[in-house]
Amino acid sequence: MAISGSAVNLSTILLEKNRGNGKGPSLLVSEWMEEAGEGGFAGLEIWINHLQFSSRSEWELITERSSEYDLPIAAIAAALPVDGSDKSQRFRDSLIEALEYFRPDVLKFTLAVPASKSAGGSEGLEFVKEWSRDVPRDMSLLYDGGEGTGAGEIAAARKVLEAGRFKGVLHPFLFTPKELETALDAAGDFLANLGVQAKQGGQRILLEENAEAHQKIISAVRGRGFKGTWSLEYTKGAGMPGEDIEAMFDNAEKDLNFLIEAQARAARAR
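Residues numbered from 1 in each chain as written. Predicted model: local features only at pLDDT ≥ 70, side-chain atom pairs only at ≥ 80, totals over all residues. Heavy atoms only, no water.

Asks: Mind laying out the layout of surface pockets, listing which residues take part and the relevant values?
Replies: Sizing a probe to match a water molecule and rolling it over the atoms shows the empty space that remains. As a volume, the largest pocket reaches approximately 350 Å³. In terms of lining, the largest pocket is formed by 17 residues, of which the most central are Ile13, Thr110, Asp144, Glu233 and Tyr234. Secondary structure elements with two or more residues in the lining of the largest pocket: strand S3 (43-47), strand S4 (73-81) and strand S5 (106-112). Class assignment for the residues of the lining of the largest pocket results in seven nonpolar, five polar and five charged. What the second largest pocket holds in volume is close to 220 Å³. Lining the second largest pocket are 14 residues, and of these Arg19, Gly20, Gly22, Trp47 and Asn49 lie nearest its centre. (1 Å grid on protein atoms, 1.4 Å probe; cavity = no way out; pocket = protein on both sides within 12 Å on 5 of 7 lines; lining within 4 Å. Points joined across faces, edges and corners; volume = space filled by probe spheres on them. Helix = DSSP H or I, 4+ residues; strand = E, 2+ residues; numbered from the N terminus. Nonpolar A, V, L, I, M, F, W, Y, C, P; charged D, E, K, R; others polar.)

What follows is the structure in structure tokens.
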């Protein structure tokens, strides 16, 4: 849903209980597209694992339902290996295949650096700059440094990537107000996406559970003239025992509704 120029997308990793346990995806994206469209999300940010481990018939069904439910494939998200191994090259080739098939607006990437390699930071980003020549020319590339990305990290990434079609990602609800202000200053117009995940006491929570603080963050972002996209990446219950996909989707809808209402209040207050 667009909120005064900002679209709110649903990341399929939010619904996936097997995010990092190596068991492979537990859901078919196509089975959740009707709910996501009816729930008011502007589009989908599809985790690459949900494509690489699915059939071509599932790809076709995703495309059909994207049109049927007016739910664009806004982004494909991937942890991008930046080494020269054959395995990493095969991964990047399959990623390019998915990008060319689905034609999302953006590739949203983190750096996946093998433990035996040191190609992180600026070296890894330089690798991605060179590799990006293989990415379809009409797509932007969004660099997500992860949950801990602060002002220093986003400024360093901006220095390496700012020229061309690269943009950056921050996670505003993981900052204190002062940290957020500094990070927004460092990012400037390099910032194009905000990843939505909130914590309290080390546990993921709904945005409404710390409503006053989160309202202030949304107001601060709007006050800087942010016109990019929001991505619901994680919500309450993610990674907890007994994680249930239905409950996760319900929580995602609650966070979406909070964003809609909080941005409307921020717009009225200006």
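Asks: A description of helix H8 (residues 211-223) should follow, citing residues and the corresponding values.
Replies: For H8, built from 13 residues, the straight-helix expectation of 18 Å at 1.5 Å per residue is met to within 8% by its first-to-last C-alpha distance of 18 Å. Among all positions of H8, only His214, Gln215, Ile217, Ile218, Val221 and Arg222 are buried. Down the axis of H8, the buried set is contained in an arc of 160°. They therefore lie on one face. The outward face of H8, more than 90 degrees from its buried face, is lined by the exposed residues Glu212 and Lys216. Within two residues after H8, Gly225 carries a phi angle of roughly 75°, on the positive side. (Expected span 1.5 Å × (residues − 1). Buried < 20%, exposed > 50% of the residue type's maximum accessible area, 1.4 Å probe, protein only. Arc of directions from axis to C-beta.)

Asks: Describe the environment of Ser6, listing the residues and the values that go with them.
Replies: Secondary-structure assignment places Ser6 in strand S2 (residues 6-11). A sequence separation of 223 residues divides Ser6 from Thr229, and the C-alpha atoms of the two residues are 5.3 Å apart.

Asks: Outline the environment of Glu243, supporting the account with residue identities and numerical values.
Replies: Relative to the helices and strands, Glu243 is located in the loop between strand S11 (229-232) and helix H9 (245-269). For Glu243, a relative accessible area of 16% puts it in the buried group. Remark: the alpha-carbon pair of Glu243 and His50, spanning 193 residues in sequence, is separated by 18 Å. For Glu243, the residues in contact, after removing those within four places along its chain, are Leu14, Glu16, Lys17, Arg19, Gly237, Ala238 and Met248. (Contact = heavy atoms within 4.5 Å.)

Asks: Lay out the packing of aromatic side chains with the relevant residues and their values.
Replies: Two aromatic rings are characterised by how far apart their centres lie and by the angle between their planes. Evaluation of the coordinates by the stated rule reveals nine aromatic pairs. Judged by centre distance (6.3 Å) and plane angle (90°), the rings of Phe226 and Trp230 are edge-to-face. Each member of the pair, Phe226 as well as Trp230, carries the same accessibility label: buried. Here the aromatic residues Trp32, Phe41 and Phe249 are joined through ring pairs into a cluster of three or more. (Phe/Tyr/Trp six-rings, centres within 6.5 Å; stacked < 30°, edge-to-face > 60°.)

Asks: Describe a negative patch on the surface, with residues and values.
Replies: Taken together, the side chains of Glu34, Glu35, Glu38, Glu60, Glu64, Glu68, Asp244, Glu246 and Asp250 define an acidic patch exposed on the protein surface. Of all the secondary-structure elements, those providing two or more residues to the negative patch are helix H1 (33-39), helix H3 (56-68) and H9. Within the element layout of this structure, Glu38 appears in helix H1. (Patch = residues over 30% accessible without salt bridge, like charges linked within 9 Å, V, L, I, M, F, W, Y side chains within 5 Å. Areas by Shrake-Rupley, 256 points an atom, 1.4 Å probe, with all protein chains shown as cover. Salt bridge = Lys/Arg side-chain N within 4 Å of Asp/Glu carboxyl O. Lys, Arg positive; Asp, Glu negative; His and termini not counted. Charge placed at Lys NZ, Arg CZ, Asp CG, Glu CD.)

Asks: Before we move on, could you go through the confidence of the model for the protein and cite the residues and values that matter?
Replies: Across the protein, the average pLDDT comes to 92, with 95% of residues at 70 or higher. Here residues 115-119 is a poorly scored stretch, pLDDT under 50, and it has five contacts once near neighbours within four places are set aside; other chains count. (pLDDT = per-residue confidence, 0-100.)

Asks: Can you tell me about the packing of H3 against helix H4 (residues 86-102), naming the residues and giving the values?
Replies: In contact at an axis separation of 11 Å, H3 and H4 are set at 35° when each is read in the N-to-C sense. The element H3 and its partner H4 pack so that their crossing is right-handed. Seen from H3, the contacting residues are Arg56, Trp59, Glu60, Ile62 and Thr63; seen from H4, they are Glu97, Ala98, Tyr101 and Phe102. For the contact of H3 with H4, the residue count by class is five nonpolar, one polar and three charged. (Axes fitted to C-alpha atoms, helices over the stretch in contact; angles between N-to-C directions. Left-handed = near helix turned anticlockwise from the far one by under 90°.)

Asks: Any details on the nonpolar core? Residues and values, ideally.
Replies: Core analysis: the largest hydrophobic core is formed by 75 residues, its most contacted members being Leu10, Leu95, Trp230 and Leu232. Per-element accounting of this core gives the leading share, seven residues, to H9. When neighbours within four sequence positions are excluded, Leu95 is seen to be in contact with Ile48, Gln52, Ile76, Ala78, Leu80, Leu107 and Trp131. Core analysis: the second largest hydrophobic core is formed by five residues, Val106, Leu142, Val169 and Ala192 among them. (Core = buried A, V, L, I, M, F, W, Y, C linked by side-chain atoms within 4.5 Å.)

Asks: Account for the pairing of strand S8 (residues 191-196), naming residues and giving values.
Replies: Consecutive residues of a regular strand have side chains that alternate between opposite faces of the sheet. Along S8, six of the six residues are buried, which leaves the element largely enclosed by surrounding structure. For strand S7 (residues 166-170) and S8, the ladder comprises three bridges, and the chain directions are parallel. Its bridge partner lying in S8, Leu170 is registered against Leu194. In the classification by handedness, the crossover that spans S7, the intervening helix H7 (residues 177-187) and the parallel S8 is right-handed. Note: S8 against S11, four bridges, orientation parallel. The residue of S11 that forms the bridge with Gly195 is Ser231. (Pairing = 2+ DSSP bridges. Right-handed = clockwise from strand over helix to strand, strands pointing away.)

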